[in-house]
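Here is how the chains run, residue by residue.
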Amino acid sequence: MSKSFDVVVIGGGPGGYIAAIRAAQLGFNVACIDEWKNEKGGPAPGGTCTNVGCIPSKALLQSSEHFEHAGHHFAEHGIGLSDLTIDVARMIGRKNTVVKQNNDGILYLFKKNKVSFFHGRGSFAKAVEGGYEISVAGASAETLTARQVIVATGSTARALPGAAFDEDKVLSNDGALRIGAVPARLGVIGSGVIGLEMGSVWRRLGAEVTILEAMPGFLGAADEGVAKEALKAFQKQGLKFEFGVKISKVDTSGAGVVVSYADAKGAEQTLAVDKLIVSIGRVANTTGLNPDAVGLKLDERGAIVVDDECRTNLPGVWAVGDVVRGPMLAHKAEEEGVAVAERIAGQHGHVDFGIIPWVIYTSPEIAWVGRTEQQLKADGVAYKAGQFPFMANGRARALGDTTGFVKFLADARTDEILGVHIVGPYASELISEAVVAMAFKASAEDIARICHAHPSLSEATKEAALAVDKRTLNF
């Protein structure tokens, strides 16, 4: 016998579990289906973000940063250490604990908000009067019916043709988070977020890291000035980059991995490594969803087709997060999840895609919101730019991390903030001030006139805003 719900959410990642909780708070009878499993086979909601993405990567980045500081920076603080070692197994164990805490936290929130949780793979069975029948394939088969369905099945790592993931030698983000010992030589294909973060982790712990990138330049989506500053910092740290490469073969027949490729000049090269992380993007995950059973429309990339409000071609079926258009970011999925739940309730859920922040949690951190300088130039927008280096910020000097700067871009006529770009310490936290300011259509002068605590890194944002009009308070 089927169980009936007002709303069934398929997928328990950031878009899915947030949508389920918000829908329950709005008074709906809600179920969430998620198939992620922990090491013991139990439920592990949270999707890629919690299990093999945002959360575990930040745990490893933190551990590796501590190791880096202990080995290279503690001495200048008068802290002496000898025989510094890294216990990789313990580091991975801590990461797993952090992941489990997040998994358990989501399950607790489901219980608190009276969301029924089903552990298994959810798929469309058929359309029924007034809604849809959803099958749950898990330890025990279940059939649910729902008036409204929210699909939030996320994405999966894109494999390199001819080099399938075995998570031993050729690694996706999943395998990169479970390496059992520091590899002497690590190769990374792709210099995007995952490649940079994972490359940074294992470089800090002692691996020789080489990153191969097909694009001719570094971080094309970021502001050119930020990308240039970040690349200089990464190269200084010891990360090796090759741009404009074309991979021809990945050979795993030996003890390690040999990558054959043509470099930017067309010369044939090889790279021999112990492990290879492939980070060339992600694809929408509709595997097992059975969209044909109800006529759910997918695009040529396999993503679910939605309109600006996340409606699919089917009445009462919505989709959010990585499985639809737009940036594959956990916080974008969360915003869409909340908005869809509110739209189902007849409210006016809203997501402003123009002010979704981007963050790369390397050292230096990289964060931005809004348009880049090159985009403004290409669009013919008259703008003013202001920039301030962390080298001149007292708090950054006290931290011992003065790499990078804050850049403000504002409309030349109205002074409205059009973009903010940061490379440097705690950029991931500083960018939120810019997001709030842009949400309220603030001008650069507004930020310049707001009192910022001293000493703080946020003073650099104030100074960059002042610099838009060629002013400064940093005497």
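Residues numbered from 1 in each chain as written. Predicted model: local features only at pLDDT ≥ 70, side-chain atom pairs only at ≥ 80, totals over all residues. Heavy atoms only, no water.

**What to know about the overall build of the protein chain**
This is how the line gets drawn: In this text, helices come from DSSP runs of H or I with a minimum length of four residues, and strands from runs of E with a minimum of two, each type numbered from the N-terminal end. Atoms counted for the radius of gyration: C-alpha only. Globule rule: 2.2 Å times residue count to the power 0.38. The buried label applies to any residue whose accessible area, calculated with a 1.4 Å probe on protein chains only, is under 20% of its type's maximum; exposed applies above 50%, and partly exposed to all values in between. Note on definitions: a residue-residue contact is assigned when non-hydrogen atoms from the two residues lie within 4.5 Å. For the accessible areas, the method is Shrake-Rupley and the probe is 1.4 Å, while residue cover comes only from the protein chains on display. Under the counting rule used here, the positive set is Lys and Arg, the negative set is Asp and Glu, and His together with the chain ends is not counted. Taken as the charge location is NZ of Lys, CZ of Arg, CG of Asp or CD of Glu.
A count of helical and extended segments in the protein chain gives 13 helices and 21 strands. Taking 2.2 N^0.38 as the reference for a compact globule, 475 residues should give roughly 23 Å; the C-alpha atoms of the protein chain span a radius of gyration of 24 Å, in line with that estimate. Each principal axis of the C-alpha atoms in the protein chain carries an extent, and together these give about 70 × 60 × 45 Å. Relative to its full complement of 475 residues, the protein chain shows a buried share of 51%. Intrachain contacts of the protein chain at a sequence separation of at least 6 include 61% that bridge at least 24 residues. As displayed, the protein chain offers around 21900 Å² of accessible surface, 51% of which is attributable to carbon and sulfur atoms. A gap of 2 Å separates the mean positions of the 48 positive and 54 negative side-chain charges of the protein chain.

**What about the UniProt feature "domain: Pyridine nucleotide-disulphide oxidoreductase dimerisation" (unreviewed entry) in the protein chain?**
The condition that has to hold: UniProt positions are given in the numbering used here, feature names are shortened, and annotations may be inferred rather than shown by experiment.
In the numbering used here, UniProt assigns the "domain: Pyridine nucleotide-disulphide oxidoreductase dimerisation" (unreviewed entry) feature to residues 356-465. As a span, residues 356-465 carries 35% helix and 28% strand, and end to end its C-alpha atoms are 20 Å apart.

**A word on the packing of helix H1 (residues 14-25) against helix H4 (residues 88-112)**
The test is simple: For every element, the axis is a line fit to its C-alpha atoms; helices are fit only across the contacting stretch, and the angle between N-to-C directions ranges from 0 to 180 degrees. Between 65 and 115 degrees an angle is taken as roughly perpendicular, under 35 as roughly parallel, over 145 as roughly antiparallel, and anywhere else as oblique. By convention the crossing between two helices is left-handed if the near helix lies anticlockwise of the far one by an angle smaller than a right angle, and right-handed if it lies clockwise. Gly is placed with the polar residues, together with every amino acid not listed as nonpolar (Ala, Val, Leu, Ile, Met, Phe, Trp, Tyr, Cys and Pro) or charged (Asp, Glu, Lys and Arg).
Closest axis-to-axis distance for the H1/H4 pair is 10 Å, and the angle between their directions is 20°. Overall, the two elements H1 and H4 adopt an arrangement that is roughly parallel. Crossing angle aside, the handedness with which H1 passes H4 is left-handed. Contacts between H1 and H4 pair Tyr17, Ala20 and Ile21 from the former with Ile106, Leu109 and Phe110 from the latter. A class-by-class count of the residues in the contact of H1 with H4 yields six nonpolar, no polar and no charged.

**What about the pairing of strand S1 (residues 3-10)?**
Note on strand geometry: in a regular strand, side chains alternate between the two faces of the sheet. The criterion, for reference: A pair of strands counts as paired when DSSP detects no fewer than two bridges linking them.
The pairing of S1 with strand S5 (residues 142-151) spans seven bridges and is classified as parallel. Note that in S5 the partner of Lys3 across the bridge is Leu144. Bridging between S1 and strand S2 (residues 30-34) involves four bridges; their strand directions are parallel. Paired with Ile10 across the strands is Ile33, a residue of S2.

**Considerations on the UniProt feature "domain: FAD/NAD(P)-binding" (unreviewed entry) in the protein chain**
With numbering matched to this structure, UniProt assigns "domain: FAD/NAD(P)-binding" (unreviewed entry) to residues 5-337. Secondary structure across residues 5-337 divides into 30% helix and 27% strand, with the first and last C-alpha atoms of the span separated by 18 Å.

**Quick notes on a nonpolar patch on the surface**
We apply this condition: Here, patches come from residues exposed beyond 30% relative accessible area and free of salt bridges, joined within 9 Å for like charges and within 5 Å for nonpolar side chains (Val, Leu, Ile, Met, Phe, Trp, Tyr). For this analysis, a salt bridge means a side-chain nitrogen from Lys or Arg found within 4 Å of a carboxyl oxygen belonging to Asp or Glu.
Taken together, the side chains of Ile79, Leu81 and Leu84 define a hydrophobic patch exposed on the protein surface, amounting to about 260 Å² of accessible area. Overall, the relative accessible area of 40% leaves Ile79 in the partly exposed class.

**Some points on the packing of aromatic side chains**
Going by this rule: Two rings from Phe, Tyr or Trp (for Trp, the six-membered ring) form a pair when their centres sit within 6.5 Å of each other. Planes less than 30 degrees apart are called stacked, planes more than 60 degrees apart edge-to-face, and all others tilted.
Going through the model one piece at a time under the given rule, you end up with eight aromatic pairs. Look at Phe124 and Tyr132: their rings are 6.2 Å apart centre to centre, the planes differ by 75°, and that puts the pair in the edge-to-face class. For Phe124, a relative accessible area of 1% translates into the label buried. Residue Tyr132 is classed as buried on the basis of its relative accessible area of 6%. Ring geometry for Trp358 against Trp368: centres 5.9 Å apart, planes inclined by 0°, an arrangement best described as stacked. Placement of the pair is Trp358 in strand S17 (residues 358-360) and Trp368 in strand S18 (residues 365-370), with a sequence separation of ten residues. You can call Trp358 partly exposed: its relative accessible area is 32%. A relative accessible area of 7% means that Trp368 is categorised as buried.

**Things to note about the sheet that holds strand S21 (residues 417-424)**
If you trace the five strands from one edge of the open sheet to the other, you get S17-S18-S21-S20-S19, paired in antiparallel fashion. For this open sheet the edge positions go to S17 and strand S19 (383-389), each flanked by a neighbour on one side alone. Averaged over all neighbouring strand pairs, the angle between strand axes comes to 10°, with direction disregarded. One ladder, built from seven bridges, connects S19 with strand S20 (residues 405-411); its direction is antiparallel. Looking at S20, one finds that Lys384 is bridged to Ala410.

**Looking at the pattern of salt bridges**
For the structure shown, the criterion picks out 22 salt bridges. Lys384 serves as the salt-bridge partner of Asp415, at 3.3 Å between the closest nitrogen and oxygen. Of this pair, Asp415 sits in the loop between S20 and S21 while Lys384 is found in strand S19, placing the two residues 31 residues apart along the sequence. On the accessibility criterion, Lys384 (22% relative accessible area) is partly exposed. Each member of the salt-bridge network shares a partner with another, and the members are Asp223, Glu373 and Lys407.

**Some thoughts on the side chain of Asn51**
Selection criterion: Pairing of N or O atoms within 3.5 Å defines a polar contact, subject to two protein rules: one partner must be a possible hydrogen donor and the other a possible acceptor, and residues neighboring in sequence count only if both atoms are side-chain atoms.
Looking at the secondary structure, you find Asn51 in helix H2 (residues 47-52). For Asn51, a relative accessible area of 12% translates into the label buried. Reaching out from Asn51, the side chain makes a polar contact with the backbone oxygen of Ala44 at a distance of 2.9 Å. Polar side-chain contacts of Asn51 include one of 3.4 Å to the side chain of Asn103. Asn51 has contacts with Trp36, Ala44, Pro45, Gly46, Pro56, Val99 and Asn103, leaving out every residue within four places of it along the chain.

**Regarding the sheet that holds strand S12 (residues 257-262)**
Pairing in this open sheet of three strands is antiparallel, and the strands run S11-S12-S13 from one edge to the other. What marks the edges here is a single partner per strand, and that holds for strand S11 (246-251) and strand S13 (268-273). Between one strand and the next, the sheet's axes are offset by a mean angle of 20°, whatever the strand orientation. Inspection of the sheet shows S12 paired to S13 by six bridges, in the antiparallel sense. Residue pairing in the sheet places Val259 in a bridge with Leu271 of S13.

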